[in-house]
Amino acid sequence: AQKITQTQPGMFVQEKEAVTLDCTYDTSDPSYGLFWYKQPSSGEMIFLIYQGSYDQQNATEGRYSLNFQKARKSANLVISASQLGDSAMYFCAMREGWPSYDKVIFGPGTSLSVIP
Amino acid sequence: EAQVTQNPRYLITVTGKKLTVTCSQNMNHEYMSWYRQDPGLGLRQIYYSMNVEVTDKGDVPEGYKVSRKEKRNFPLILESPSPNQTSLYFCASSRLPYTEAFFGQGTRLTVV
């Protein structure tokens, strides 16, 4: 069974609009971490945002925010005011495996295209 | 500049010819790992290392070996590459297991 599900293989968004990229996860560990990474067409992996399972507040980093709903096991990425440079693949990832958290699982990714 | 360096960036090889992809980080990170990226599958963890001389298998370790003799280096070894190991490979390091990972530029490997 997939531990990380990203149900949107591809998405389009108008420039300057907000967009939400979905991520649901499955774990029985009480403690885990959730990450989002961006992969532009050039291929590098860029860290965007992190949410710990015990964090009380949703994480935010500039235009990126993470809508964390623990009971629903979802960790959606919200990008506000989309820019052309946001066009890329976006991966949701989870670290689990108490106490070392050495297991890392990535979702299949969502391809985001920003339209001028 | 803080970075993770992989070499080579591109490699075409033949089935059965042993190869090594090097990975080096200059951030004194304890945690390092290797991933392969295939279309539609995202990144899958091959091996990881929590510290020098401590390595463990990820989800897809078959056909790969690693070593961690020094903190900064974490080479990936394919003893007898096969065409199903054609993929994009990433090395990553992080200060702690639950902090952000810094990725290398990737190595695109083709096995013919």
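Here, the structure is the one placed above.
Keep in mind that what you see is a predicted model, and the values were worked out from it rather than measured. (Residues numbered from 1 in each chain as written. Chains lettered and ligands numbered in written order. Predicted model: local features only at pLDDT ≥ 70, side-chain atom pairs only at ≥ 80, totals over all residues. Heavy atoms only, no water.)

### As for the nonpolar core
Most often, soluble globular proteins have nonpolar side chains that are buried together. By size, the foremost hydrophobic cluster in this structure holds 26 residues, and its most contacted members are Leu21, Tyr25, Trp36, Ile49, Leu77, Tyr90 and Leu112 of chain A. Counting residues per element, this core draws most heavily on strand 10 (residues 88–96) of chain A, at 4 residues. Ignoring anything within four residues of it in the chain, the contact list for Tyr90 of chain A reads Gln6, Leu21, Trp36, Tyr37, Lys38, Leu48, Leu77, Ile79, Gly109, Thr110 and Leu112 of chain A. Formed by 19 residues, the second largest nonpolar core is a distinct cluster that contains Leu19, Val60, Val66 and Leu78 of chain B. (Core = buried A, V, L, I, M, F, W, Y, C linked by side-chain atoms within 4.5 Å. Buried < 20%, exposed > 50% of the residue type's maximum accessible area, 1.4 Å probe, protein only. Helix = DSSP H or I, 4+ residues; strand = E, 2+ residues; numbered from the N terminus. Contact = heavy atoms within 4.5 Å.)

### Quick look at the pattern of salt bridges
In the structure shown here, the tally under the stated rule is 7 salt bridges over all chains. Here Arg63 of chain A makes a salt bridge to Asp86 of chain A, at a shortest N to O gap of 2.8 Å. Of this pair, Arg63 of chain A sits in the loop between strand 7 (60–61) and strand 8 (64–69) while Asp86 of chain A sits in the loop between strand 9 (74–79) and strand 10, placing them 23 residues apart in sequence. Note that Asp38 of chain B and Arg44 of chain B form a salt bridge whose closest N and O atoms lie 2.8 Å from each other. With a relative accessible area of 26%, Arg44 of chain B lands in the partly exposed category. Linked through salt bridges whose partners overlap, the residues forming this network are Arg36, Asp38 and Arg44 of chain B. (Salt bridge = Lys/Arg side-chain N within 4 Å of Asp/Glu carboxyl O.)

### Focus on the side chain of Arg95 of chain A
Structurally, Arg95 of chain A can be placed in strand 10. Here Arg95 of chain A falls in the buried class, since its relative accessible area comes to 3%. Separated by 3.2 Å, the side chains of Arg95 of chain A and Tyr31 of chain B make a polar contact. (Polar contact = N/O pair within 3.5 Å; in protein donor to acceptor, adjacent residues only side chain to side chain.)

### Some points on the state of the cysteines
All names here are of chain B. In this structure the tally under the stated criterion is 2 disulfides over all chains. Between Cys23 and Cys91 runs a disulfide, and the two sulfur atoms are separated by 1.8 Å. Here the S-S torsion is close to -70°, and the disulfide linking Cys23 with Cys91 is therefore left-handed. Here Cys23, found in strand 3 (residues 19–25), pairs with Cys91, found in strand 9 (residues 87–94); they are 68 residues apart in sequence, far enough to count as distant. (Disulfide = S-S within 2.5 Å.)

### Observations concerning the pairing of strand 5 (residues 33–39) of chain A
Residue and element names in this part refer to chain A. Burial of strand 5 is extensive: 7 of the 7 residues sit out of reach of the surface. The pairing of strand 5 with strand 6 (residues 46–52) spans 6 bridges and is classified as antiparallel. Across the sheet, residue Trp36 finds its bridge partner in strand 6, namely Ile49. Between the antiparallel neighbours strand 5 and strand 6 lie 6 residues, among them Gly43 with a positive phi of about 105°. Where strand 5 lies against strand 10, 7 bridges are found, and the strand directions are antiparallel. Across the sheet, residue Gly33 finds its bridge partner in strand 10, namely Arg95. (Pairing = 2+ DSSP bridges.)

### Remarks on the sheet that holds strand 7 (residues 65–66) of chain B
Residue and element names in this part refer to chain B. Within the open sheet, the 4 strands sit side by side as 1-3-8-7. Their pairing is antiparallel. Only two strands of the sheet have a single neighbouring strand rather than two, namely strand 1 (4–7) and strand 7. Strand direction decides the pairing type here: strand 3 and strand 8 (residues 76–78), joined by 3 bridges, are antiparallel. Across the sheet, the residue bridging to Val21 is Leu76, located in strand 8.

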